[in-house]
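The chain contents come next:
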Amino acid sequence: MFAKDFIWGAAASAQQIEGAVSVDGRGLSIWDVFAEREGAIAGGDCADVACDHYHRAADDVALMQRIGLQAYRFSIAWPRVLPEGVGQVNDAGLAFYDRVVDACLAAGITPFATMFHWDLPQALQDRGGWSHPDSPAWFVEFCVKVVSRLGDRVTNWITLNEPQVHFHHGHLIGNHAPGLQLPLADVLQAGHHMLLAHGKGVAAIRETAGRPVQVGYAPVGCVCLPESIKSEDIVAARDGTLGMHDENIFNNIWWMDPIFGRGYPEDGLRVYGDNAPKFTDADLDIISEPIDFLGLNIYQGHRVRAADDGEIIKSRWEPGHMSTAMHWPVTPEVLYWGPRWISERYQVPIYITENGLANLDWPALDGRVRDPQRIDFMQRYLLELNKAIGDGADVRGYFYWSILDNFEWAEGYRPRFGLIHVDYLTQRRTLKDSALWYHKVIASHGAVLSDMLIEDHPQVQDA
Ligand code: FCB
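Only a predicted model underlies this, so the values are computations on that prediction, with no experimental measurement involved. (Residues numbered from 1 in each chain as written. Predicted model: local features only at pLDDT ≥ 70, side-chain atom pairs only at ≥ 80, totals over all residues. Heavy atoms only, no water.)

Caption draft 1: Region of interest: the overall build of the protein chain. Broken down by element type, the protein chain carries 17 helices and 13 strands. In terms of C-alpha radius of gyration, the protein chain reaches 21 Å, essentially the compact-globule figure of 23 Å for 463 residues. Residue burial in the protein chain is summarised as follows: out of 463 residues, 60% are buried. Long-range contacts, defined as pairs at least 24 residues apart, comprise 76% of the intrachain contacts of the protein chain with a sequence gap of at least 6. Surface accessibility of the protein chain: about 18100 Å² in total, with carbon and sulfur atoms responsible for 50%. (Helix = DSSP H or I, 4+ residues; strand = E, 2+ residues; numbered from the N terminus. Rg over C-alpha atoms; globule rule 2.2 N^0.38 Å. Buried < 20%, exposed > 50% of the residue type's maximum accessible area, 1.4 Å probe, protein only. Contact = heavy atoms within 4.5 Å. Areas by Shrake-Rupley, 256 points an atom, 1.4 Å probe, with all protein chains shown as cover.)

Caption draft 2: Looking closely at the sheet that holds strand β8 (residues 301–306). Ordered by their spatial adjacency, three strands build an open sheet running β6-β8-β9, and the pairing between neighbours is mixed. In this open sheet, the two strands that pair with only one neighbour each are β6 (223–226) and β9 (312–314). Within this sheet the neighbouring strands show an average axis-to-axis angle of 50 degrees, counted without direction. Bridge count for β6 against β8 is four bridges, and the pairing is parallel. Its bridge partner lying in β8, L225 is registered against R303. In this fold helix α14 (residues 334–346) packs onto β6 and β8, with an angle of close to 115 degrees to the strand it touches most, β6. (Pairing = 2+ DSSP bridges. Axes fitted to C-alpha atoms, helices over the stretch in contact; angles between N-to-C directions.)

Caption draft 3: Region of interest: helix α7 (residues 135–150). Under the 1.5 Å per step criterion, the end-to-end length of α7 is 22 Å for 16 residues, consistent within 8% with the ideal 22 Å. All of the buried residues in α7 are S135, P136, W138, F139, F142, C143, V146, V147 and L150. What you see down the axis of α7 is that its buried residues fit within an arc of 155 degrees, all on one side. Buried positions along α7 lie against α4 (78–81), α5 (91–106), β3 (110–116), α6 (122–125), β4 (156–161) and α9 (184–209). (Expected span 1.5 Å × (residues − 1). Arc of directions from axis to C-beta.)

Caption draft 4: Layout of the side chain of R26. Among the secondary structure elements, R26 is positioned in the loop between α1 (14–17) and α2 (30–34). In this structure the side chain of R26 is engaged in a polar contact, spanning 2.7 Å, whose partner is the side chain of D32. Excluding residues that lie within four positions of it along the chain, R26 makes contacts with Q15, A20, V21, D32, P79, R80, P83 and N90. (Polar contact = N/O pair within 3.5 Å; in protein donor to acceptor, adjacent residues only side chain to side chain.)

Caption draft 5: Highlighting the side chain of S135. Checked against the element boundaries, S135 lands in helix α7. Discounting residues that sit within four places of it in the chain, S135 has contacts with G129, W130 and H193.

Caption draft 6: How the structure looks around the site of the ligand. The local shell around the ligand consists of Q16, H117, W118, N161, E162, Y299, W328, E354, W401, E408, W409 and F417. A distance of 2.8 Å separates an oxygen atom of the ligand from a polar side-chain atom of Q16. Within the complex, 95% of the 290 Å² of free accessible area of the ligand lies under protein. Counted by class, the shell around the ligand contains six nonpolar, three polar and three charged residues. (Near = heavy atom within 4 Å. Nonpolar A, V, L, I, M, F, W, Y, C, P; charged D, E, K, R; others polar.)

Okay, structure coming up:
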């Protein structure tokens, strides 16, 4: 099964769990402001309180320890550290992350800190946000302030979370903060600034830490799956995963090739045409500052097949295909093909920095939260990941999304991704069955994944 040093973790992000948005000097984020727009968030929800993790971090880390987590991926809220985005540091904000990091270390949990998980300070958005050419410098300032404080204890850093989602949803179609609908050219120019921020951020994190650290980047892993095991379908799926065939921002190579020194892909420059950003060779040097690992957030994939002329055709799902509370198809093989192909292309250690299931979990009358579908989901996906590793993908760890039920952006609180159920009225936490099961997975280094889960399925036993 999984190697003994494979890292088992779970993830969350600041805006989705912390709450306390106007406590102890925190500035506003673009999500605080966006959530006030009529109809922006399902159910009229907002992240003002969320899981109140800001006040409950110690208890939450204790729960992580009960699950046996080896690593915890969290993000640092930029407006909590720099309320105006740049300039004056809010010491109370940094002190909070001190507490989180120290609690993790005391519990034997390795912290993985993400610098940007979409919660830009509104003060910077008011100056143009990522469209502003100074945005990479703003990001560097933020990295330096954070790493000066935490760099003696945090060894694993992630610059950015999912630029594809932030730009597609936040800047092109506008259903995420900052809620913009910019022309594609402007979106891609802002995206270019973010990639520059990444490269400069990597250098700043290393330099500020002043000791060996591991720095990575966590885009979405977009995966096409072969409809059959025919070699032409596998080739079509691989081309779909590692190519760009239309203007869609959801692709891998535009957001990964430059990071790994390959420049912007030819395919991308062709499909974006005049909308491609303005950049120089010097920019590409900055963006390709070497990193230590690639994080991939992978949940779902499309199924494709090859037409007779080799063209890639998107297949339909059969009626009633397994799906989640987000209406995302359940496609465990994404954790086979995605890490394999991406690992082959970039030859870099990979962590699955997010993967998980949204369900509509609630405590039963006896108080227990039974979530057999999450267990089944994780079992299926992790078995595929194990197969990918067996076939050569260099995957070093897995972070389940998410440790807690939380504020799922525009979808509000309805979809529940957590291993831990959160009652948002009382802030009561309940470990779901999946958390207890994940404990066994971790303790056995994945060995229990090959057990059939028959104890929960008497009818299977009878058959
Ligand atoms: C990813 C985000 C994460 C969470 C999951 C479900 O796109 O990075 O914050 O919302 O999806």
